[in-house]
Amino acid sequence: MTLSRRHFVQTVGIGAGAALTSQIWGRGRENAIWSAIEPDLQAVERGVICIASNENPVGPGQRVLDSLRTLLEGGKKPGRYSGQMGDLTDAIAGHFKVKTENVLLSEGSTEVLRAATQVFTAKTKPLVGTIPTYEECAGYAELIGNKVVGVKLNSEFKIDLDMMLNAAKGAGLVFYCNPNNPTATYVGARATRDFLTKLIAASPDTTVLVDEAYFDYVTDPDHETHVPFAIEHPQVIVARTFSKAYGMAGLRQGYAIAHPETIKKLRMWTASGGTGSLNLFGMSAATVAIQQDASFTTNERNRNKQVRDFVTKWFKDRGMKPTDGQANFMFVDIGTPAKEFREACRAKGVLVARDFPPFEKTHARITLGTMAEMQKAVQVFGEVLGKKTSTAAA
Amino acid sequence: MSVSRRGFLQGLRVGNASQASQWLAARGHEEFVAELMQQGRQPGRGVNRPNLPPGVEAIRISSNENPLGPGKAAIDAILGKFPEANRYPFNSTPLDADLEILIAKLNNGKRENVVLGVGSQEILKNAARVFLSPTKHLVIPSPTYGDPAGFAEHMLKVPLKTAPVDAKTLRTDLSALVPLVKGAGLVYLCNPNNPTATINSAKEISDFAAEVRKASPTTAILIDEAYCDYVTDSSFQTAIPLALATPNVIVARTFSKAYGMAGVRIGYAIGHVESIRKMARWRMPYNVNTFGVAAAVASLKDPAHIKEESARNKGVRDFTVKALADLGYPSTDSQTNFIFTDIGKTMTAAAFRDACAKEGVLVGRDFPPLEKQWARISLGTMEEMQKATEVFRKVLRPSTTTAGKAQ
């Protein structure tokens, strides 16, 4: 598939100062439909269960869609493009009780991830991240010719904070995806804060991008956003997206929150800072979405947790080990190559995710659909993996 | 504003739908982003725009967007996508790839000849990333659309080489660019050109491409055809066939102008597979939004709407050019949805802009190095331009008196 995927080789036993190579940990992107070059199209046919891309299966909710419908059907005079950017920035700032100078809008979170990589990595200042993780920063670092250092996860498939700290010293940017994609694991708030504090002390010129894309799905009691930490420390950026719990992956809206000085540096490398990459649907929907009361994300978190518990139990009951999933997807040791599993599931109308090296021989990432979808999906998994499907699980 | 707009529409698009269309048209987008860029690079320096008298709704003819927005087909397509708001563009129907395939088919190309961008701005930036570096310069006519040069110069530290447009016609002087191309990474042409509104003929463009290839074989040419749907001069033809056949010639297009969807942010590059492959490496993953993809597909399947829009625009263009000519102010041979008018004998673009703004008419920003003499006026609806030309008459009157043509 993509260049970087072929080059994947991952390295790094790590230890401080280990000879870190510039290997990429694979540019993943959800589903890797990359553009013109990737010939195989995957239109999701009717009736097919698509649990491949970590989307929220229920969408943004009636309130958000109604507000868009009102605009499109002419029930309300829409605002101007320029005003819409301001409205969304205000709404995000209000939600987190930060200033508008702390907020940068982004096309999905992609622009923020790219801008941070652009601004903070250099030939001599690598990008550091876990293997595996969401690959956008690594893919972009490769494009601009900067080094990437991969750090192995610990035995629980969580970020190994000691190894990460060592590898991060002198780095330009640390990509800290928490919960991590594709492993679904979460490092608790206290441990993360401790890591950030130590890193700032040990390597004050290193910036950390904390990607909280899946934050709203975390149920670990020791969780909190690092937005307050970020606005106090110019070295820390929090990236967020409306593509996950807010159910708007199609509308491409995300943002960063950071210290105003950091935001200023990022701004010129996002098109929202100059050339306009933000579409009206994403901006208007997000403005309504984030102003809903907290019950929206609470409900979505609870809905997802029920499904997650069900699927987790299904696998555990059959002797297969998922990681401690804190997101809207699971990473499961199915003991068989992901590719075979995926193709067999696909033949039965269930789409699960692509390979995630270096675990592609044993682990599959499975997004959590609705309960009804997952009840059907586990039957397919049972057939494919040769495990008896007990109806008791539901 | 919408009340009067409705009158003009005469039932073609009634009230509510037209409001939604205008929303998607995102009038003012081009100017807004130019302003943001300016602010980003020189903090605190925004475009100063005088306040309008209270209660006056401005006629915004500063930003080259289609004043009416997309047709009903596009709006219906968007409404039909609501159940898929949660799906990435590669999981929805139509797929983002389906839009690429449709664009390819309409241009006798293949999917691998097309790559989508978030508006054409992503295309222009990615072309800069692919073809330019601090040692591989950018060649542009002056003036032209400033976005690619601004990004290249300020963000990528790329040297620029420019040649002025023809002094008399303000057409891009391709022969003046040829001596600059040796060793260049990229030549950027905007055809029709913004802000001068002029075109270069198909033959001029293909001859130029051949000369560039001879003089500097590795130099790429990016031809931005953002305004091509508004051209009525038959000597113009799209350079897409040239781009499909020639490595390193790329055409950029957008749905932000005649298609009326600046707020939707979809553009594309089309060209030889080798060039597109390079561009695609830089594409942001899942860059275009699913509602926009559906709207773009629906619009491409409704070519009559674009023809109608082009004819409507031509009527307004002829009217506005004549009104200014009658006042003694000539315009270039506009082939776009804006005109570029020589007001130099009376005032600068800034003075004209300020005077018009006081009357509720917002015209284009400065376009150096021609800002002392030339003003860019976007074309709104006929009704808007009837009002706007009255304001121009008032503002520019001193000249009409001396020209003895007061009416």
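Reading guide: rules and limits
Residues numbered from 1 in each chain as written. Chains lettered and ligands numbered in written order. Predicted model: local features only at pLDDT ≥ 70, side-chain atom pairs only at ≥ 80, totals over all residues. Helix = DSSP H or I, 4+ residues; strand = E, 2+ residues; numbered from the N terminus. Contact = placed C-beta atoms within 7 Å. Buried ≥ 20, exposed ≤ 12 C-beta atoms within 10 Å, placed from the backbone. Nonpolar A, V, L, I, M, F, W, Y, C, P; charged D, E, K, R; others polar. Axes fitted to C-alpha atoms, helices over the stretch in contact; angles between N-to-C directions. Parallel < 35°, antiparallel > 145°, perpendicular 65-115°, else oblique. Core = buried A, V, L, I, M, F, W, Y, C linked by C-beta atoms within 7 Å. Domains from an automatic or database assignment. Pairing = 2+ DSSP bridges. pLDDT = per-residue confidence, 0-100. Arc of directions from axis to C-beta. Left-handed = near helix turned anticlockwise from the far one by under 90°. Expected span 1.5 Å × (residues − 1).

### A closer look at the overall build of chain B
A count of helices and strands for chain B gives 15 helices and 11 strands. Expressed as a percentage of contacts within chain B between residues at least 6 apart in sequence, the contacts between residues at least 24 apart total 75%.

### A closer look at the overall build of chain A
Scanning chain A from N- to C-terminus turns up 13 helices and 12 strands. Expressed as a percentage of the 394 residues in chain A, the buried residues total 56%. Relative to all contacts within chain A whose residues are 6 or more apart in sequence, the contacts with residues 24 or more apart total 72%.

### Some points on the interface of chain B and chain A
Between chain B and chain A, the residue contacts involve 59 residues of the former and 53 residues of the latter. The leading source of residues in the side of chain B that touches chain A is helix α2 (residues 15-25) of chain B, at seven residues. Considered class by class, the residues forming the side of chain B that touches chain A number 31 nonpolar, 17 polar and 11 charged.

### Brief notes about the environment of Ile 78 of chain B
Counting through the fold element by element, Ile 78 of chain B comes out in helix α4 (residues 72-80). A count of 26 C-beta atoms within 10 Å places Ile 78 of chain B in the buried class.

### Describing the packing of helix α6 (residues 119-131) of chain B against helix α11 (residues 273-282) of chain B
Residue and element names in this part refer to chain B. Packing of α6 against α11 brings their axes to within 9 Å, and their N-to-C directions diverge by 105°. Relative to α11, the element α6 lies roughly perpendicular. Contacts between α6 and α11 pair Asn 126, Ala 127, Arg 129 and Val 130 from the former with Lys 278, Met 279 and Trp 282 from the latter. For the contact of α6 with α11, the per-class residue count stands at four nonpolar, one polar and two charged.

### Notes on the nonpolar core
The biggest cluster of nonpolar side chains holds 211 residues, and the ones touching the most others in it are Leu 209 and Ala 256 of chain A together with Leu 186 of chain B. Two domains each put at least three residues into this core: domain 1 (2-70 + 303-403) and domain 2 (73-300) of chain B. Filtering out sequence-adjacent residues up to four positions away, Ala 256 of chain A remains in contact with Leu 104, Ser 106, Val 112, Ile 237, Val 238, Ala 239, Ile 263 and Leu 266 of chain A. Counting residues in hydrophobic clusters, the runner-up holds 32 residues, among them Phe 340, Val 363, Ile 377 and Ala 388 of chain B.

### Considering the pairing of strand β8 (residues 267-271) of chain B
Residues and elements named next belong to chain B. The buried fraction of β8 is high, at five of five residues. Judged by which residues are buried, β8 turns out to be covered on both faces: Gly 267, Ala 269 and Gly 271 on one side and Tyr 268 and Ile 270 on the other are all buried. In this structure, strand β2 (residues 114-117) lies alongside β8, joined through four bridges in antiparallel fashion. Paired with Gly 117 across the two strands is Gly 267, which belongs to β8. Where strand β7 (residues 249-254) and β8 come together, five bridges link them in antiparallel fashion. Residue pairing for β8: Val 251 is matched across the bridge by Ile 270.

### A short note on the confidence of the model for chain A
Chain-level statistics for chain A give a pLDDT mean of 88 and a share of 86% at 70 or above. Across residues 1-40 of chain A the pLDDT falls below 50, and counting only partners more than four positions away or on other chains, this stretch makes 100 contacts in the model.

### Quick look at the domain arrangement of chain B
Residue and element names in this part refer to chain B. Segmentation of chain B into domains returns domain 1 (2-70 + 303-403) and domain 2 (73-300). In this complex, domain 1 contributes 37 residues to the contact, which on the side of domain 2 involves 33 residues. Elements that contribute at least two residues to the side of domain 1 that touches domain 2 include exactly α2, α3 (29-41), α13 (303-326) and β9 (338-342).

### Description of the sheet that holds strand β9 (residues 321-322) of chain A
Strand pairing within a sheet occurs via backbone hydrogen bonds; the two strands may be parallel or antiparallel. All names here are of chain A. Read across the sheet, three strands follow the order β9-β10-β12 without closing on themselves; strand pairing throughout is antiparallel. A single partner strand is all that each edge strand has here, and the edge strands are β9 and β12 (363-367). Taken together, the five bridges between strand β10 (residues 329-333) and β12 define a ladder with antiparallel strand orientation. Paired with Asp 333 across the bridge in β12 is His 363. Where helix α11 (residues 295-317) meets the sheet, its contacts fall on β9 and β10, and the angle it forms with β10 comes to roughly 5°.

### Comments concerning helix α2 (residues 62-72) of chain A
All names here are of chain A. Listed in full, the buried residues belonging to α2 are Val 64, Leu 68, Leu 71 and Leu 72. For α2, the angular spread of buried residues about the axis comes to 95°, placing them on one side. Backbone geometry just after α2 places Gly 74 at a positive phi near 85°.

### With respect to the sheet that holds β7 of chain B
Residues and elements named next belong to chain B. Pairing is mixed in the open sheet, where seven strands are placed in the order β2-β8-β7-β6-β5-β3-β4. Edge positions in the sheet fall to β2 and β4 (160-164), since each of these pairs with one other strand and no more. Direction aside, the axes of adjacent strands within the sheet are offset by 25° on average. Sheet topology note: the strand β6 (residues 220-224)/β7 ladder contains four bridges and is parallel.

### Re the packing of helix α6 (residues 161-168) of chain A against helix α7 (residues 189-202) of chain A
Residue and element names in this part refer to chain A. Running from N to C, α6 and α7 cross one another at 25°; their axes reach a closest spacing of 10 Å. The orientation of α6 relative to α7 falls into the category roughly parallel. Note on packing geometry: the crossing formed by α6 with α7 is right-handed. Mapping the contact onto sequence places Leu 161, Met 164, Leu 165 and Ala 168 in α6 and Ala 191, Phe 195, Lys 198, Leu 199 and Ala 202 in α7.

### As for the environment of Pro 54 of chain B
Structurally, Pro 54 of chain B is set in the loop between α3 and β1 (59-61). Distance from Pro 54 of chain B to Ile 75 of chain B, taken between C-alpha atoms, is 33 Å for residues 21 residues apart in sequence.

### Digging into the confidence of the model for chain B
Residue and element names in this part refer to chain B. Of all residues in chain B, 90% attain a pLDDT of 70 or more, and the chain-wide mean is 91. The model gives residues 1-15 a pLDDT under 50, and that stretch makes 17 contacts with residues more than four places away or in other chains. In this model, residues 43-47 is a region of pLDDT below 50 whose contacts with residues beyond four sequence positions or in other chains number eight contacts. We note a pTM of 0.91 for the whole complex and an ipTM of 0.91 for its interfaces.

### Some details on the pairing of β6 of chain B
The side chains of a regular strand alternate between the sheet's two faces. All names here are of chain B. For β6, a buried count of five out of five residues is recorded, marking the element as mostly surrounded by other parts of the structure. Where burial is concerned, the two faces of β6 agree: the one with Ala 220, Leu 222 and Asp 224 and the one with Ile 221 and Ile 223 are both buried. Of the strand pairs in this sheet, strand β5 (residues 186-190) and β6 are connected by five bridges, and their pairing is parallel. Across the sheet, residue Tyr 188 finds its bridge partner in β6, namely Leu 222.

### Regarding α7 of chain A
Residues and elements named next belong to chain A. Taking 1.5 Å per residue as the helical rise, α7 with its 14 residues ought to reach 20 Å, and the 20 Å between its terminal C-alpha atoms agrees with that figure. Listed as buried for α7 are Thr 192, Phe 195, Leu 196 and Leu 199. Buried residues in α7, looked at end-on, bunch into an arc of 95°, giving them a common side. Counted as exposed and oriented over 90 degrees from the buried face of α7: Arg 190, Thr 197 and Ala 201. On its buried face, α7 sits against α6, β6 (207-211), α8 (227-232) and β7 (236-241).

### Description of unusual backbone geometry
All names here are of chain B. Looking along the chain, the bond that leaves Thr 93 and enters Pro 94 is cis, with omega of -5°. Structurally, the position occupied by Pro 94 is in the loop between α4 and α5 (96-106). Look at the link from Pro 368 to Pro 369: it is a cis peptide, with omega at 5°. Looking at where Pro 369 falls in the secondary structure, it is placed in the loop between β10 (361-363) and β11 (374-378).

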